[in-house]
Amino acid sequence: MEGRSKINPRQQGQVVCINPNLVLNRRDVFTTGIVYMPIGLAYFVGELKKTGFSFQVIDAFGESPNKTWIEDEFIYRGIHPSEIIEKINHGPIPKPDAFFIYAVNLTYHRAIVEIVKHLKRAFNEIPITILENTQAVTAYSLENVQDELYEAGADFVLMGEPEYRGIELLKLIKSQTNDVNFLNIDGIGFKKMGEKKYTLPETKVDDLDVLSFPAWEYFPVKNYWRLRYSHGPLSEKKYLPILTSRGCPYKCQFCVIPKTNSRQWRYRSAKNVVDEMEFWVKKWQIKEFHIEDVNPTVYDPRTQEICREIIQRGLKISWKISAGTKVETIKSKETIRLMAKAGCRYISISPESGSPKVMKAINKTFKYDHSVDLVKEMNRVGIYSQACFVLGYPQEDDEDRLLTRKMVYELTRSGVSEIALFIITPVPGSQIYDKFSGYTDYSQLNFSPTWREDYLKLNRFRVKLYREFLIWKFVFHPLKLLKQPFSFVFRRFNTKMEMVPYRALHTLVLLLKAGKRSLWKS
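My aim in this report is to walk through the structure given alongside it, one point at a time. (Residues numbered from 1 in each chain as written. Predicted model: local features only at pLDDT ≥ 70, side-chain atom pairs only at ≥ 80, totals over all residues. Heavy atoms only, no water.)

1. Some remarks on the sheet that holds strand β6 (residues 98-103)
Strands pair in a sheet through their backbones, by hydrogen bonds, and they do so in one of two ways: parallel or antiparallel. One open sheet holds the seven strands; their spatial order is β3-β1-β6-β7-β8-β9-β10, and the pairing between them is mixed. Two strands lie at the open edges of the sheet, namely β3 (54-59) and β10 (195-198), each paired on one side alone. Averaged over neighbouring strand pairs, the angle between their axes works out to 20° when direction is ignored. Pairing of strand β8 (residues 156-158) with strand β9 (residues 188-192) involves three bridges; the strand directions are antiparallel. Note on β9: the bridge partner recorded for L158 is I188. On top of the sheet, helix α2 (residues 81-89) reaches β1 (14-19), β3 and β6; it is set at about 155° to β3, its chief contact. Packed on one face of the sheet, helix α3 (residues 109-122) meets β1, β6 and β7 (128-132) and runs near 170° to β6. (Pairing = 2+ DSSP bridges. Helix = DSSP H or I, 4+ residues; strand = E, 2+ residues; numbered from the N terminus. Axes fitted to C-alpha atoms, helices over the stretch in contact; angles between N-to-C directions. Contact = heavy atoms within 4.5 Å.)

2. Considering the nonpolar core
Judged by nonpolar contacts, the single largest core of 153 residues is most densely connected at L119, I130, W216, W319 and I347. For this core, the element with the highest residue contribution is helix α1 (residues 39-51), accounting for seven residues. Here I130 is in contact with I101, A103, I112, V116, L142, L149, A154, F156, V157 and L158, once residues within four sequence places are set aside. Counting five residues, the second-largest nonpolar core is a separate cluster that includes V23, W69, F74 and A111. (Core = buried A, V, L, I, M, F, W, Y, C linked by side-chain atoms within 4.5 Å. Buried < 20%, exposed > 50% of the residue type's maximum accessible area, 1.4 Å probe, protein only.)

3. Focus on the side chain of E143
Relative to the elements of secondary structure, E143 occurs in helix α4 (residues 142-152). Excluding residues that lie within four positions of it along the chain, E143 makes contacts with E132, M159, Y198, L200 and K259.

4. Section: the packing of α3 against α4
The contact between α3 and α4 brings their axes to 8 Å, and the two run at 35°. In this structure, α3 contributes H109, I112, V113, V116 and K117 to the contact, and α4 contributes V145, E148, L149 and A152. Its residues placed into classes, the contact of α3 with α4 shows six nonpolar, one polar and two charged. (Nonpolar A, V, L, I, M, F, W, Y, C, P; charged D, E, K, R; others polar.)

5. Details of the pairing of β1
Across the six residues that make up β1, a large majority, five, are buried. The pairing of β1 with β6 spans four bridges and is parallel. Within the sheet, the bridge partner assigned to V16 lies in β6 and is F99.

6. A short note on helix α10 (residues 333-341)
Taken residue by residue, α10 has T335, I336, L338, M339 and A340 as its buried positions. Those residues of α10 that are buried are in contact with α9 (300-313), β15 (318-325), β16 (344-352) and α12 (368-381). G343, located one to two residues past α10, shows a positive phi value of around 110°.

7. Some remarks on the sheet that holds strand β11 (residues 240-242)
Spatial ordering of the open sheet is given by β11-β14-β15-β16-β17-β18, a layout of six strands whose pairing is parallel. Edge positions in the sheet fall to β11 and β18 (418-423), since each has one partner strand and no second. Averaged over neighbouring strand pairs, the angle between their axes works out to 20° when direction is ignored. The pairing of strand β14 (residues 288-291) with β15 spans four bridges and is parallel. When the bridges of β15 are listed, I291 appears paired with I321. The sheet contacts of α10 involve β15 and β16, and relative to β16 the element is tilted by about 140°.

8. Focus: the pairing of β14
Burial along β14 is two-sided: E288 and H290 and F289 and I291, pointing in opposite directions, are all buried. One ladder, built from three bridges, connects β11 with β14; its direction is parallel. Considered in β14, the bridge of L240 is made with F289. Handedness of the β-α-β unit built from β14, α9 and β15 comes out right-handed. (Right-handed = clockwise from strand over helix to strand, strands pointing away.)

9. With respect to the pattern of salt bridges
For the structure shown, the criterion picks out 38 salt bridges. K364 is paired through a salt bridge with E352; the nearest N and O atoms lie 2.8 Å apart. In this pair, K364 sits in the loop between α11 (356-362) and α12 while E352 sits in strand β16, placing the two residues 12 residues apart along the sequence. Between E468 and R405 there is a salt bridge whose closest N-O contact spans 2.9 Å. (Salt bridge = Lys/Arg side-chain N within 4 Å of Asp/Glu carboxyl O.)

10. A few points about unusual backbone geometry
Although it is not a glycine, S262 sits at a positive phi angle of roughly 55°. Given a relative accessible area of 39%, S262 falls into the partly exposed group. Of note in the backbone geometry, Q285 takes a positive phi value of approximately 60° without being a glycine. Its place among the elements puts Q285 in the loop between α8 (270-284) and β14. Judged by its relative accessible area of 45%, Q285 is partly exposed.

Printed below as a string of structure tokens:
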């Protein structure tokens, strides 16, 4: 899918783009409530700007991230949907042609539905479109949930990458002709005369270098910076997420990415990636970048080329592979050394399980000896490492979990900086989506699925293994553990395990303040 030419002024439209509230489970403020900046929406806004549309951006979380309220078992952060309506009514656009809401995260689904309902009540005649997030394992396939979105009041769902197909949809909406055929757009869904119609996304952006950089200047990025925590471990006062590639060639059964990207991996050139880094260094003095690709190191020569480009330009930055990568795609210690020289300070990898049986069911391989060699090299050159594991995969038993425990022990001894233990949840669009039942709300599908019958058992194992990891880390690498309290106090986080308690504490403080306000009002 190649770049489109600019539309002429008579075709211009006016659009409101909305990022929903952050939603977390009130019973687990440690595992839920991770902050993601809406990079997919920022890309879409960049293309709107380039093609001549007028737009307003409303980041429901970012506008006021310290504002909190509770509904049922969920905590919402950000402005209320009624405040979104007020911002639209008093915004720069007198009458929007369309609303676009970004489905940034599966757990935010409740917030998306509420925003849709409020928009439909206030602006019944203006079409509402939900944009799919195709570049996050925490997102979901809109094909699987579109019925509930239509019921709430959405007019369209847009599956696949939104940059070009979103603009094509806007042109059709703006045309206001009776014979318009929305099905000419691939990756669109809607209801007509009570019948659901949709086409799957066939095309993808082949040349990622032609896209505009994410238009962060229209988002409340300073509010994100003031939080002092993010998805990746945050060491500097300013940071930005960055996507250097899209998709993943692997087919893990619990992951939504094979569905939303058709196992196609596409990458930006090293020059284009570093051009973006240098742009933000000069514009906002950004010193830290969090790579949010689902698998950024698939092509090792490109990884090395990015590093050499950073070094050649003399950029004094740090960058962290926050969302993870497949460790086997980092081919050698030489690549690790080059990454460190170029400013890489954190790499997340995903062994998933110590059980060969579970790994076969997941449809994933993991080369343990190679990972140990690279983890040791990361330690030597000053790169912090994370190893992610999943618990409760279908047919996993106690023996399988003991094998995972054994692998955690061995990786800890080798020097892995931290672990993350996720309890499997069924993501709409993943191969295991239909293998679970018991939840009543899509926002319950987080990595602490309290609705699972075996949740208490799995969580006990998780808590115990976290405790054992800290003990083993103290035995094998005591200085690393002793440094963690100082990272917490000075808010210069080298790992997520240092940062998560700070985020959880901040959330609890917000909840206490919210409770006091409610008591005062009553």
